[in-house]
Amino acid sequence: MISPSSEDERSMSHSNWRELRMMSFSDRPIARLCKVCGQFHSPTDSHLYDYFQPIDDDLTCEICLQPLVDPVDTKCGHTFCARCIKNYLKLQNKCPNDRNILKVDDLQLAPVIIRRLLDKLQVVCPNVDYCEEVLPRCDLEAHLIYRCKGAVVRCHRHEQGCKFQGPRSAMDSHQWECEHEDDKDSNLSAQIEEGQVSRISILRGSCEFGMSIIGGCDTPLISVTVHEIFPNGLIDRDDRLRPGDQILEVNGVDLTQATHFQARKAFSQPIPMIQMIVYRDSSARNRPIEKENIMRITLVKPPGRQLGIKLAGKRNVQGVYIKDLIPGSVANLDGQLKIDDRILEVNSDDLSILSQEHAANHIQATHGKLQLVISRKTRPQTPDLIKHCNHLQHDDRDAGKMIDKKMEIDSYRNSNIEKTIIVTKSRGESLGISVAGGLGSQRGDTPLYVMNTLASGPAAKYGVKKGDILVSVNGAKIMGLSHNDAVRILKSKASHKKVELKLIDTSETAEDTANFLPTWMYWLDLSRDCWIDREVKLSRESGSLGFSIAGGRNSSHGDQPVFIKSVRAGSAAFKHNIRRGDIIVSINSQSTKDLSHMEVVSLLNECSTMQGATISLTMVSWPGSIV
């Protein structure tokens, strides 16, 4: 009997593969429109993409001849799409390239650097008749679900019986013609459910909207969020929205990719009924604070190389945890292990009951292939957290995606532009300005600023403008004073013929006769010497401080202050009136200015794991933008 040659085997393998690809539709799963790639394909086949530029052959799967999707490596050193090789191995347990014996259990995720390169490949939106977007491959799924003008969507009144399905761009006109239009009033009474996306409608009426917002895609907070609700306003009377609710859409305008100013503009549309899509995070009572995932990870430790993990124990908690990953080490470059992972086993040896020292010695003595079993705790995430950073965790995969939308907060400048204006006028004549702000003002603790000017008044003639911050008048400091004290000093000094005003020139003003209303971005633009600090002392509850953070040095938006990203209802932070958008200036007297996101996370984790410890936070709270 003559055995087939390697060429015959290869020919046979590809023949079998063609058989699999050419099976009748009665035998194969029916092709469906995929929500991930927007193309029609079988659920068992790899995703299909239209690439904007030619792709290097080294990033191509040798089975489907397309750029790799969810790449996996074989033990013999070849890389394929996960679905392609798994489908192939259903026919025969051999590598398609070198014919070595291969099983599904032998497959491992490709290195993280390869996956990131593939994620960055530029693809064209498949809905080319309506959308001309070119974007990274990893962003296509979110684009199709939330933003694509050509994505086929159902009318939001489908539960009332509307059968309309069409491109998102046609939805606005359909809503005015929908035969179920009378049923839309149900959104006027619809409640906002925790942990779900809800749709509500509010009739504008004649009263003020009565709400402020923070966030936007040009800020580390990413999502647009309700900050304050003012008494007796439209939102207060409606009594459904709460501070912390995320606004995903307003009157058909997608806010998930809107800048802060674009979001404000969306709320200003002169429409009698406001329709919003809202997400409210689940409270601690209705969801687990942490979920434990058990994972198996394989690493290869070459001779003479360090695995590169630093271990630590936790007070009153059994086991050893990864405290840090050494840059450039095997574990760091592999990318599978994360800080705070608990190591349960190494090569079937139980490490869960060993001390930190014994566990470290055991790992150092192990060479070659290491089979690790780890426990990783994760917290449920809101939509914006899914795309960016977990609670007290950092993922820089999205760094660079927002470069064109990078927020230019000048809060780390040495100073804003300070100017001195000498106003000459008649004795007893008014300066012709009105001011707002100060400690204890209606919007909180802020510097005193010029709210309005009299066009024909002395101050306006000499260059004082709306939005200027008042520092001092005739040498008397008014920065950091209460509103009443500052106004009293201003009036007494302004009675002189010559008045010297020291002001800070800010980034916003108002040209018309209306009062100037600062936005949230206006306050963020102020330098550190304009910030008004407050001290908060927290004690940990159930191992958590009850908030998550964003920003820090070298964040995805550049060097940024450390922001409060979310606050859990009922937590210690919640009880001390810490709100989303607040800035952490220092932790136990240690400044956060030069700390990266992960360094702030580590500092907070150290404080939160100390039994009975109290953490002292220096914070700044700025008012949101009124809409």
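From a predicted model like this one, the values you see are computed outputs, not experimental measurements.

**Some thoughts on the overall build of the protein**
Move 1: Along the protein, the regular secondary structure elements total 15 helices and 35 strands.
Move 2: Taken across its 627 residues, the protein has 47% of its residues classed as buried.
Move 3: At a minimum sequence separation of 6, the contacts of the protein that also span at least 24 residues come to 61%.
Move 4: With an accessible surface of roughly 32300 Å², the protein has 49% of that area assigned to carbon and sulfur atoms.

**Details of the packing of aromatic side chains**
Move 1: Counted by the stated rule, this structure contains nine aromatic pairs.
Move 2: An angle of 80° between the planes, with centres 6.0 Å apart, marks the rings of Tyr-449 and Phe-516 as edge-to-face. Pair noted here: Tyr-449 is in strand E25 (residues 444-453) and Phe-516 is in the loop between strand E28 (498-505) and helix H13 (520-524), with a separation of 67 residues, a long-range link. An identical accessibility class is assigned to Tyr-449 and Phe-516; each is buried.
Move 3: Taking the centre distance of 5.8 Å and the plane angle of 75° together, the rings of Tyr-449 and Trp-523 count as edge-to-face. Placement of the pair is Tyr-449 in strand E25 and Trp-523 in helix H13, with a sequence separation of 74 residues.
Move 4: Of the residues examined, Tyr-449 reaches a relative accessible area of 8% and is grouped as buried.

**Quick look at the sheet that holds strand E3 (residues 50-51)**
Sheet strands line up and pair through hydrogen bonds in the backbone, either parallel or antiparallel.
Move 1: With antiparallel pairing, the three strands of this open sheet are ordered in space as E3-E7-E8. Every interior strand has two partners, whereas the edge strands, E3 and strand E8 (134-136), have only one.
Move 2: Note that E3 and strand E7 (residues 122-124) share two bridges and pair antiparallel. Among the inter-strand pairings, Asp-50 is bridged to a residue of E7, identified as Val-124.

**Some remarks on the confidence of the model for the protein**
Move 1: For the protein, the average pLDDT comes to 79, and 82% of its residues sit at 70 or higher.
Move 2: In this model, residues 284-290 is a region of pLDDT below 50 whose contacts with residues beyond four sequence positions or in other chains number 13 contacts.

**What about the nonpolar core?**
Move 1: Of all hydrophobic cores here, the largest spans 30 residues; its most connected members are Tyr-49, Cys-61, Ile-63 and Ile-85.
Move 2: Per-element accounting of this core gives the leading share, five residues, to helix H2 (residues 82-89).
Move 3: Apart from residues no more than four positions distant in its own chain, Tyr-49 is found in contact with Val-36, Cys-37, Val-69, Val-123, Arg-137 and Leu-140.
Move 4: In terms of nonpolar packing, the next biggest core, distinct from the first, is built from 24 residues, Ala-436, Trp-531, Val-585 and Val-620 among them.

Criteria and cut-off values
- Residues numbered from 1 in each chain as written.
- Predicted model: local features only at pLDDT ≥ 70, side-chain atom pairs only at ≥ 80, totals over all residues.
- Heavy atoms only, no water.
- Helix = DSSP H or I, 4+ residues; strand = E, 2+ residues; numbered from the N terminus.
- Buried < 20%, exposed > 50% of the residue type's maximum accessible area, 1.4 Å probe, protein only.
- Contact = heavy atoms within 4.5 Å.
- Areas by Shrake-Rupley, 256 points an atom, 1.4 Å probe, with all protein chains shown as cover.
- Phe/Tyr/Trp six-rings, centres within 6.5 Å; stacked < 30°, edge-to-face > 60°.
- Pairing = 2+ DSSP bridges.
- pLDDT = per-residue confidence, 0-100.
- Core = buried A, V, L, I, M, F, W, Y, C linked by side-chain atoms within 4.5 Å.

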